[in-house]
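Residues per chain are reported as follows:
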Amino acid sequence: MFKLKLLTDPRWANIAEGNLEEILTDHAWCEQKATTNAITIITMVPEYPEIITELLKIAQEELEHFQMVHEIIKKRGYTFGRERKDDYVGQLFKFIVQGTRENYIIDRMLFAAMIEARSCERFKVLTENIKDEELKVFYKELMISEAGHYATFIKFARQLGDPEKVNQRWEEWLDYEAEIIKSYGKKESIHG
């Protein structure tokens, strides 16, 4: 569905499961950032009420996910740590074009879609490879939700621009992401 060019090594799930407190804290902060990103995009598209409506739903879902992860952290007696820097997302952000307003908004949509696609793929790896039954079920549910968010961002990018050009730009995003993801998958973080 996402056409990611480099899939996560399933052994990453072992790294993640080796420090669930860290992976859950990192995940909670990823959800908070996804909420903020959806709200930021809303501020860019005031003339598109239908897009705003859908992005509000995504922002609310991401905030609910943040709350759900936070509840798991509390329930397990873990400490919710400080915000983590996400180098993967930082590298993706550098790829956003700074051209016209329209192109920038489209690229922000594709940026968001890429993060959702990779997060969904990582949740799938967790679902299929960790032993923790509660988290298997949890990450499967989130995987489905993130796939929907990915589809929404791609749809809006195509709606705002020429679909053929957007598809071409998405291929560029896939190539770029494949290069940077080679450096990740070795830490107990969602994108790390």
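The notes below deal with the structure included here. (Residues numbered from 1 in each chain as written. Predicted model: local features only at pLDDT ≥ 70, side-chain atom pairs only at ≥ 80, totals over all residues. Heavy atoms only, no water.)

Moving on, we come to the pattern of salt bridges. Following the criterion strictly, the structure yields 20 salt bridges and no others. One salt bridge connects Arg76 with Asp132, and the closest N-O pair in it is separated by 2.8 Å. With Arg76 in the loop between helix H3 (49–75) and helix H4 (87–93) and Asp132 in the loop between helix H5 (101–129) and helix H6 (133–160), this residue pair connects regions lying 56 residues apart in the sequence. The buried category is assigned to Asp132, whose relative accessible area is 17%. Here Glu134 makes a salt bridge to Arg76, at a shortest N to O gap of 2.6 Å. Within this pair, whereas Glu134 is found in helix H6, its partner Arg76 is found in the loop between H3 and H4, the two being separated by 58 residues in sequence. On the basis of relative accessible area, Glu134 is assigned to the partly exposed category, the value being 31%. Through salt bridges with shared partners, one network takes in Lys3, Lys5, Glu171 and Asp175. (Salt bridge = Lys/Arg side-chain N within 4 Å of Asp/Glu carboxyl O. Helix = DSSP H or I, 4+ residues; strand = E, 2+ residues; numbered from the N terminus. Buried < 20%, exposed > 50% of the residue type's maximum accessible area, 1.4 Å probe, protein only.)

Attention now goes to helix H7 (residues 163–181). Because an α-helix completes one turn every 3.6 residues, residues spaced three or four positions apart along the sequence face the same direction. A rise of 1.5 Å per residue sets the reference length of H7, with its 19 residues, at 27 Å; its end C-alpha atoms lie 26 Å apart and thus fit the reference within 8%. Tucked into the core, H7 has its buried residues touching H4, H5 and H6. Here H7 starts with a cap whose side-chain oxygen sits 2.9 Å from the backbone nitrogen of Glu164, and that cap is Asp162. (Expected span 1.5 Å × (residues − 1). Contact = heavy atoms within 4.5 Å. Polar contact = N/O pair within 3.5 Å; in protein donor to acceptor, adjacent residues only side chain to side chain.)

Purely geometric stuff here, so don't read any function into it on its own.
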